[in-house]
Number of protein chains: 2
Amino acid sequence: MANAESVRVRVFNLNCWGIRYLSKHCGQRYAMIGDMLCKEEHDIVLLQEVWSEKDYLSLKKKLACSHPHSHYFKSGVIGSGLALFSKHRIHDTFLYRYSLNGYPYMAHHGDWFGGKAVGMAVLSIASLTANVYVTHLHAEYCRDKDAYLPHRVVQAWELQQFVRHTSAGADVVILGGDLNMHPQDLGNRLLRSYTGLRDSYLETDQFDGCEDGITLIADNPFISKKELIPFEKGIRIDYILFKGSPKTDIFCDSMSTTKGSVRDHPFPYSDHEALTSELRLESHTPPGTGRDERSKDQDTATGKLAELVDIVTEARTEVKVGLHCAESMRYTAARTGVMGLALLFLELAIAAVPWLALGADQPFPRTSFYLLAGLCFAILLTTSLLYVFYTMELKSLQGAEDQMRLAVGSLQESLRGFPLAQAHSTQRKPPDGLGALDPEE
Amino acid sequence: MANAESVRVRVFNLNCWGIRYLSKHCGQRYAMIGDMLCKEEHDIVLLQEVWSEKDYLSLKKKLACSHPHSHYFKSGVIGSGLALFSKHRIHDTFLYRYSLNGYPYMAHHGDWFGGKAVGMAVLSIASLTANVYVTHLHAEYCRDKDAYLPHRVVQAWELQQFVRHTSAGADVVILGGDLNMHPQDLGNRLLRSYTGLRDSYLETDQFDGCEDGITLIADNPFISKKELIPFEKGIRIDYILFKGSPKTDIFCDSMSTTKGSVRDHPFPYSDHEALTSELRLESHTPPGTGRDERSKDQDTATGKLAELVDIVTEARTEVKVGLHCAESMRYTAARTGVMGLALLFLELAIAAVPWLALGADQPFPRTSFYLLAGLCFAILLTTSLLYVFYTMELKSLQGAEDQMRLAVGSLQESLRGFPLAQAHSTQRKPPDGLGALDPEE
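Conventions used here
- All residue numbers refer to positions counted from 1 along the written sequence of the respective chain.
- Lettering for chains starts from A, numbering for ligands starts from 1, and both go in the order in which the items are written.
- For a predicted model such as this one, the threshold for reporting local features is a pLDDT of at least 70, and the threshold for listing and counting side-chain atom pairs is 80 or more; totals across whole chains, interfaces and linings nevertheless cover every residue.
- Side-chain metrics rest on all non-hydrogen atoms present in the structure, leaving aside hydrogens and water.
- Take a side-chain nitrogen of Lys or Arg and a carboxyl oxygen of Asp or Glu: if they are within 4 Å of each other, that pair is a salt bridge.
- Note on conventions: DSSP H or I runs of at least 4 residues are helices, E runs of at least 2 residues are strands, and numbering of each starts at the N terminus.
- Partly exposed residues are those whose accessible area sits between 20% and 50% of the maximum for their type, while under 20% is buried and over 50% is exposed, using a 1.4 Å probe and protein chains only.
- Two strands pair if DSSP finds at least two bridges between them.
- Angular values range over 0 to 180 degrees, each being the angle between N-to-C directions of two axes fitted as lines to C-alpha atoms, with helices fitted over their stretch in contact.
- The contact criterion used is simple: two residues touch if any of their non-hydrogen atoms lie within 4.5 Å.
- The domain limits used here are those given by an automatic or database domain assignment.
- Buried surface area refers to the total accessible area, computed with a probe of radius 1.4 Å, that the two partners give up upon joining, counted for both partners together.
- In protein, a polar contact means a hydrogen-donor-capable atom and an acceptor-capable atom, both N or O and within 3.5 Å, with residues adjacent in sequence counting only if both atoms are side-chain atoms; elsewhere, any N or O pair within 3.5 Å suffices.
- Classification convention: Asp, Glu, Lys, Arg as charged; Ala, Val, Leu, Ile, Met, Phe, Trp, Tyr, Cys, Pro as nonpolar; all other residues, Gly among them, as polar.

1. Some details on the pattern of salt bridges
Step number 1: Evaluation of the coordinates by the stated rule reveals 50 salt bridges over all chains.
Step number 2: Across the pair B:K74 and A:D402 runs a salt bridge, and its minimum N-O distance is 2.6 Å. With B:K74 in the loop between strand 3 (69-73) and strand 4 (82-86) and A:D402 in helix 9 (residues 366-416), this residue pair bridges two chains.
Step number 3: For B:K74, a relative accessible area of 5% puts it in the buried group.
Step number 4: Ionic pairing is found between B:R10 and B:E278, a salt bridge with its closest N-O pair at 3.9 Å. Note that B:R10 is positioned in strand 1 (residues 6-15) and B:E278 in strand 15 (residues 275-283), a separation of 268 residues in sequence.
Step number 5: By relative accessible area, B:R10 is classed as buried at 19%.
Step number 6: Residue B:E278 is classed as partly exposed on the basis of its relative accessible area, which comes to 28%.

Below is the structure:
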């Protein structure tokens, strides 16, 4: 598998659609997935929507020989659904829960209960340190009128922050997951531009799979074709992304996806297609970049920075739309709460002071009184909970917008200061021989 | 401030106790804090409990000249209360919200509403990259019977994970905050052992402040002495921690705390004491470690690893206690909910089938009927919400426990493999000249 010069890593990704008792043929599909993984022996297996820990544990048992190392990320009410199996030792794990993830009262969508997150595992592959990420973003239920877009953009923002800030020490970065975003969607561009992650499908030398690399295909028997309209054939929303480091180059030699059916089986593994990427890692010492190369690199970097500024600005606009929406929802909750309170006071007043009942012959009927009071209390409680929830949503959106504003400022500063930065970077070289190695390090 | 060899950085930390209309002399204290910060011109100012954004904005206005860069971290319902002011440019910020943070129904404690978190800012100090963290952990209301201990231990666990994983690219790491933990508390040991962060108070050459470096002192007029029992003089729960990198050494030349009063003012800045550390950063190229030094380093490292295994194991035990407690709370919620449901059915049955009323002369009185039904619904709603909340708490505790188990395994593996790792690390040197610099990097 590995020689002195390069290491090959096969990465597998699948959204398992594993809702017990609700997803069709759930148990049989898990058995198929387990058999296939056992046989294929990928280096790294990234799974989403493994909603039941029991299913994870039975997979773990089945893959004990082929994939001795694994981790299941727990979050939310149901769990994050994220699982990772590996042939290589997992040294460390870390979970980042997205600050926004839909609404608890949209129970039929269920995303909020899933506690969407990004899980990280630090692996040793040969002599390299690989940071492997697995994630699942909020689903898109209606592309034309996507109420969750600001939440998904904030998730993409937090995902890129998490990957960028946690991967500085890694030789290789691999991210797999169901991003619920088309290749050119804002969040996807944000993620790839900011982190420098590259898309297996776009980078591969050989590709075997569905047309345009689509991973949610109309031919899949578990898919309702209506949901895919206007994308007749399907959409690409599952990805394997990767990047190297100054010490390690990474290439995608081949990539494949399943095509809606599995040989010798009556149905496919899931409603999503499975992805497999063959990556090649090559270590080297960073070459001393010549002056010409440096200025060429700088031109590219300037172009990329300018593009990034545009993308972050676009994301900020989207978050502002979300802010506006959350503010109006909170206002509606507050107004309804106040009306409920007013109604309760009015009712109590009518009951207490009979002449308020405007000459009615009978006193306030008891049945109506209690029903109305119950309604008022229900309104008050619901609107209070919603008010608290929307306030938290607002805080998260405002926080993301603040961070984006600061990032745009910082990126623009870098853009303006490019010639300056170059002069600066020559000063950056630390002076020699100042003290000894920090004993704590 | 800076010369070719070393850079001096003055760091300030204060828990501002800034609850508008509730904290005593809030406005006047903010004015005092602003004046002092403006005059003192610390490089980095880390504040906690700035609960109102208005107060942050007025501080920002006041410090516009002395501290042109700042960030306010937003989270939870009220906000995280975390603010950072800096003389040096802030390039990037990131917020990690702790997965556990008390209970929403403990409204008088208020921690849940604050959305406790750790904020990170990436600063440029001279030619160095500094990762600066500001945080505030869950308060300890009763040391003898601390119901929040598992939550605080998980927060400390997540804090160390966040610092460790995000600081690989930094030359210098500085963390300030109100940790709500005594120096030898489990969470504090966990944080310092795992990250290698060093305590300003323990490392400083010169100290000027309260005895034993205490930061919540009995002499402070805003403190109720009863709350400090059995620590007559006070406790040390606010910290400035730091560490360097293989490229940069860091030393604490002096440290000071306020002593419960401010000259020419009738009261102190806050109920906590303010901390100031003078740090000295020294850059160097990592020296080629000789064989003897390496084996000496290894002995220290082995000792530290063994200690760390013990601490993580202790933390795991504490999390298990929390798990047990959360499970029993969830069970109670479920049982109460079922009882509420049974009561509702019984009531409906009595009302619908008169002979069930055991020969009572009158039918079910309407008033009682509606009151009882309302009570049943209230019980059902409350227990459902509690059940969801406790399930999320359980998931977070289980997640932390899983991560700790994996970490202990990995640390023990490192311990066992130390001679092996040494042989391995010589192989780790990347082979020369394998491919060019990754263009994406």
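After presenting the structure, the write-up continues.
2. Things to note about the sheet that holds strand 2 (residues 44-48) of chain B
Residues and elements named next belong to chain B.
Step number 1: Ordered in space as 3-4-2-1-15-14-10, the seven strands form an open sheet in which the pairing is mixed. One side of each edge strand has no neighbouring strand; the edge strands of this open sheet are strand 3 and strand 10 (206-208). In this sheet, neighbouring strand axes are inclined to one another by 20 degrees on average, regardless of whether the strands run parallel or antiparallel.
Step number 2: As defined by bridge partners, strand 3 adjoins strand 4 across five bridges and the pair is classed as antiparallel. Opposite H69, over in strand 4, you have S86 as the bridge partner.
Step number 3: Helix 2 (residues 53-62) contacts strand 2, strand 3 and strand 4 of the sheet and is inclined by roughly 175 degrees relative to strand 3.

3. A look at the pairing of strand 2 (residues 44-48) of chain A
Step number 1: With five of five residues buried, strand 2 of chain A is to be regarded as a mostly interior element.
Step number 2: Of the two faces of strand 2 of chain A, both are covered, the one formed by A:I44, A:L46 and A:Q48 as well as the one formed by A:V45 and A:L47.

4. Notes on the side chain of A:R164
Step number 1: Along the polypeptide, A:R164 turns up in helix 4 (residues 149-166).
Step number 2: Filtering out sequence-adjacent residues up to four positions away, A:R164 remains in contact with A:Y194, A:T195 and B:D92.

5. As for the sheet that holds strand 15 (residues 275-283) of chain A
Neighbouring strands of a sheet are bound in pairs by backbone hydrogen bonds; such pairs are parallel or else antiparallel.
Residues and elements named next belong to chain A.
Step number 1: Strand order in the open sheet formed by seven strands is 3-4-2-1-15-14-10, and the pairing between neighbours is mixed. Strand pairing shows two members of the sheet lacking a second neighbour, strand 3 (69-73) and strand 10 (206-208), which therefore form its edges. Taking the axes of each pair of neighbouring strands and ignoring which way they run, one obtains an average angle of 20 degrees across the sheet.
Step number 2: Sheet analysis places strand 1 (residues 6-15) next to strand 2, joined by five bridges and oriented parallel. If you follow N13 over to strand 2, its bridge partner there is L46.

6. Here's the deal with the pairing of strand 1 of chain B
Residues and elements named next belong to chain B.
Step number 1: The element strand 1 is extensively covered by neighbouring structure, given that nine of its ten residues are classed as buried.
Step number 2: One ladder, built from eight bridges, connects strand 1 with strand 15; its direction is antiparallel. Across the sheet, residue N13 finds its bridge partner in strand 15, namely L275.

7. Considering the domain arrangement of chain A
All names here are of chain A.
Step number 1: Taken as a whole, chain A is organised into domain 1 (5-285) and domain 2 (298-354 + 364-427).
Step number 2: Domain 1 and domain 2 are separated by 29 Å when their C-alpha centres are compared.
Step number 3: Taken together, the contact pairs 19 residues of domain 1 with 21 residues of domain 2.
Step number 4: Here domain 1 and domain 2 share an interface that buries about 1700 Å² over both sides, 74% of which is from carbon and sulfur atoms.
Step number 5: For domain 1, the biggest contributors to the area lost against domain 2 are W157, L186 and Y194; these three give 29% of the whole.
Step number 6: At the boundary of domain 1 and domain 2, one finds one salt bridge.
Step number 7: Between E314 and R189 there is a salt bridge whose closest N-O contact spans 3.1 Å.
Step number 8: Viewed at the interface, domain 2 and domain 1 are joined by six residue pairs in polar contact (both at pLDDT 80 or more).
Step number 9: Looking at the side of domain 1 that touches domain 2, the elements that each hand over two or more residues are helix 4 and helix 5 (186-195).
Step number 10: If one sorts the elements of the side of domain 1 that touches domain 2 by residue count, helix 4 sits on top with seven residues.
Step number 11: Here the side of domain 1 that touches domain 2 is built from residues that sort into 13 nonpolar, five polar and one charged.

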